[in-house]
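Remarks on the overall topology
Listed below, chain by chain, are the residues.
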Amino acid sequence: MDIKGRVIQLLALQTGEGKNGAWKKQDFVIETEGQYPKKVCISAWGDKINESALQIGNDVNVSFDIESREYNGRWYTDVKAWKIESLSASSVEAAPTASTSSRPTTELPTTFKSDDEDSLPF
């Protein structure tokens, strides 16, 4: 899956030592565009951390997988990035429809009369 958005927060870099050697994890939050923007926290592990793209204010395209796991009767969901690409200003200008929503839009009437009756029972 892919998601486009602007990096709005970088959480602290986490590092550690495991049975397979050293590891590092970078969590970051992006905000999507559109009528109803969403904030999504995404994790990048090891060499998937693209430090040049992960700067606050940068527009990015993140390819990710979603994985859930159960622990002690509770379920936890992770959003793990496997590719992070920075969107340059020139590519955004060249394709303005790439960041717009793909949902169909409905045109609203330009006039509304207050004496119109609703057919709803409430």
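Look up a bit, the structure's there.
These notes cover the structure that comes with them. (Residues numbered from 1 in each chain as written. Predicted model: local features only at pLDDT ≥ 70, side-chain atom pairs only at ≥ 80, totals over all residues. Heavy atoms only, no water.)

Re the pairing of strand β1 (residues 2-10)
As a reminder, the rule being used: In short, DSSP must find at least two bridges between two strands for them to pair. In this text, helices come from DSSP runs of H or I with a minimum length of four residues, and strands from runs of E with a minimum of two, each type numbered from the N-terminal end.
Pairing analysis gives 5 bridges linking β1 to strand β5 (residues 59-71), with the strands arranged antiparallel. Residue pairing for β5: R6 is matched across the bridge by D59. Bridge analysis of β1 against strand β3 (residues 21-31) gives 4 bridges, and the strand direction is antiparallel. Considered in β3, the bridge of R6 is made with E31.

Let's talk about the side chain of T32
Just so we agree on the cut-off: Note on definitions: a residue-residue contact is assigned when non-hydrogen atoms from the two residues lie within 4.5 Å.
Inspection of the secondary structure puts T32 in the loop between β3 and β4 (39-45). Beyond its immediate chain neighbours, meaning those up to four positions away, T32 contacts I3, K4, G5, P37 and K38.

Overview of unusual backbone geometry
Selection criterion: The cut-offs for exposure are 20% and 50% of the maximum accessible area for each residue type, with area from a 1.4 Å probe on protein chains only; residues under the lower value are buried, those over the upper are exposed, and the others partly exposed.
If you check the backbone angles, N72 has positive phi at about 55° while not being a glycine. Structurally, N72 is set in the loop between β5 and β6 (74-86). Judged by relative accessible area, which is 64%, N72 ranks as exposed.

Focus on the pattern of salt bridges
Spelled out, the test is: Here, a salt bridge means any Lys or Arg side-chain nitrogen found within 4 Å of an Asp or Glu carboxyl oxygen.
For the structure on display, the rule yields 5 salt bridges. Here K80 makes a salt bridge to E67, at a shortest N to O gap of 3.4 Å. Placement of the pair is K80 in strand β6 and E67 in strand β5, with a sequence separation of 13 residues. Between R69 and D78 there is a salt bridge, with its nearest N and O atoms 3.6 Å apart. Judged by its relative accessible area of 42%, R69 is partly exposed. Take D78: its relative accessible area is 22%, and that puts it in the partly exposed class.

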